[in-house]
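Residues per chain are reported as follows:
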Amino acid sequence: MSNPPSPPPGPGHSWPPPPPHGGWAPPPGYGQQPPALNGFALASLLSGLLCFPPLGIAFGIAALVQITKRGDRGKVLAIVGLVVSVAMTGALVFTGQRLLNSVDDRFDSLREYTDVEGELTDLDDLRAGDCFNVPGGDLVDERPVTYRIDCARVHHGEVTAAEVLEVPDDPESRAADRTAEDTCWKAQDAYAMDTWALPEYAEMFYYAPSRESWRQGDRALVCVIGTTEEEWRGSLRKDAPMLKPEQAAFLQAANAVEFVMSRPPDSDVEDVLPEYQAWAREVHAVLGVEAKLLQGDAARPGMEKAVAAQLKEIEAARTQWQRASQARTPEDFNQPWRGAELAMSLETERALRGAYGLSTVVPQWLQDIEDDLEDGDGGSDGGPSSESA
């Protein structure tokens, strides 16, 4: 058995000796792992950007809860992911709503088209005498989709003419529009000659080429009588071959008068007096044609009285129109213009049409014009307004 050695002599020494001075010690916390990045925080951002935003909202909320409890890293990432997911969810809902609305509109449109009776036919393939339907009964459309159908069945429109439009290069100019309108009014007067026999709600429509279709060679003008206000069955056609010769001759003359009188110049008489003078001469001329025809029919049995009354009014009106054609000022024109309008009455024309065996139902628009004239509702200078004429 050995004994420990004796301590060395001298002060300041102890046994066993202290550890060497200046040794290395680990810093506080050395050996502990840092907090982990929360997986839900990253999943929230990725879901909001790339996958399914509503799921990103759930991941973001779960990340914030876990970070609070565990002390995980990624709080900022979770907040960003939550904000992005909420924004993307809002955008997704908005886009989805618009898509659903678009789909609903398309289905409604398809249902509207499938509900139309008739055979789908291009507008340019319709001919005079064809009846047709349009989706929703909308004849105002620039170029409606048309379904040809038997006129004996309920229909929206009836073609009075399908012609080639002869106008300058711009088919949408005022001059081209006026030409198309005049052409279709004349076509309607020739197709349904007894205009007083038309339904009150019947309207004239026409479909002319657009600038784009004109450049592609389209020249088709389609004229239509529309009856969309109420259900209408049967053809409105009543042209010359369907009438007695004397009826057709009278209606041709009477419709010419009605047409010319309803087409005064576009501007006010103060601005284009020479145009109004030319118009007055035209009215004077067509009234003369009607007077000549009536003189030839005056001897027909049962027509003597009615023809004599109409001839008297026509001559009085022609005198006023002649005065108007020679007017030197707008004031000088308006006075005989009003006198010419008042010279002819609907009651006299009604009796004459009855004598010819035609409709005696006065159209409401004609009655309104006569009422305005009798009430003195004319132009500012005493003459009828262009609208009334």
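Since we're looking at a predicted model, the values are computed, not measured.

### A short note on a nonpolar patch on the surface
On the surface, L42, L46, L49 and L50 cluster together into a nonpolar patch covering about 400 Å² of accessible area. Residue placement: L46 occurs in helix α1 (residues 39-50).

### Here's the deal with the UniProt feature "transmembrane region" (unreviewed entry) in the protein
Per the UniProt record, the feature "transmembrane region" (unreviewed entry) sits at residues 40-64 and 76-96. Here residues 40-64 runs as 92% helix and 0% strand, with 9 Å between its end C-alpha atoms. Across residues 76-96, the secondary structure splits into 100% helix and 0% strand, with the terminal C-alpha atoms separated by 30 Å.

### Some thoughts on the state of the cysteines
Under the defined criterion, the tally for this structure stands at two disulfides. Here C131 is linked by a disulfide to C151, with a sulfur-sulfur distance of 1.9 Å. On the sign convention where negative means left-handed, the S-S torsion of about 100 degrees between C131 and C151 marks this disulfide as right-handed. On the criterion of sequence distance, the pair formed by C131 in strand β2 (residues 131-133) and C151 in the loop between β3 (146-149) and β4 (157-164) is long-range, its members being 20 residues apart. Counting only the cysteines that take part in disulfides, in the order they occur along the protein, gives the pairing 1-2, 3-4.

### Notes on the sheet that holds β4
Strand order in the open sheet formed by six strands is β1-β3-β2-β4-β6-β5, with antiparallel pairing between adjacent strands. Each edge of the open sheet is held by one strand with a lone partner, namely β1 (119-121) and β5 (203-207). Each adjacent strand pair in this sheet contributes to an overall mean axis angle of 40 degrees, direction not counted. With three bridges connecting them, β2 and β3 associate as antiparallel partners. Bridging from a neighbouring strand, C131 pairs with I149 of β3. Against the sheet, helix α4 (residues 174-191) contacts β4, β5 and β6 (220-226), and its axis sits at roughly 50 degrees relative to β6.

The rules behind the values
Residue positions within a chain follow its written sequence, with the count starting from 1. For a predicted model such as this one, the threshold for reporting local features is a pLDDT of at least 70, and the threshold for listing and counting side-chain atom pairs is 80 or more; totals across whole chains, interfaces and linings nevertheless cover every residue. Where side-chain values are given, they derive from all heavy atoms of the structure, hydrogens and water being excluded. Put simply, a patch holds well-exposed residues, over 30% relative accessible area, that have no salt bridge, with like charges counted together within 9 Å and Val, Leu, Ile, Met, Phe, Trp or Tyr side chains within 5 Å. The method behind every accessible area is Shrake-Rupley, applied with a 1.4 Å probe, and residues are considered shielded solely by the protein chains displayed. Salt bridges, as used here, are contacts in which a Lys or Arg side-chain nitrogen is within 4 Å of a carboxyl oxygen on Asp or Glu. Helix and strand assignments come from DSSP, with helices taken as H or I runs of at least 4 residues and strands as E runs of at least 2, each series counted from the N terminus. UniProt positions are given in the numbering used here, feature names are shortened, and annotations may be inferred rather than shown by experiment. Any cysteine sulfur atom paired with another within 2.5 Å is treated as part of a disulfide. One requirement defines pairing of two strands: DSSP has to find at least two bridges between them. All axes are obtained by fitting lines to C-alpha atoms, using only the stretch in contact for helices, and the reported angles, taken between N-to-C directions, cover 0 to 180 degrees. Any two residues having at least one pair of non-hydrogen atoms within 4.5 Å are treated as being in contact.

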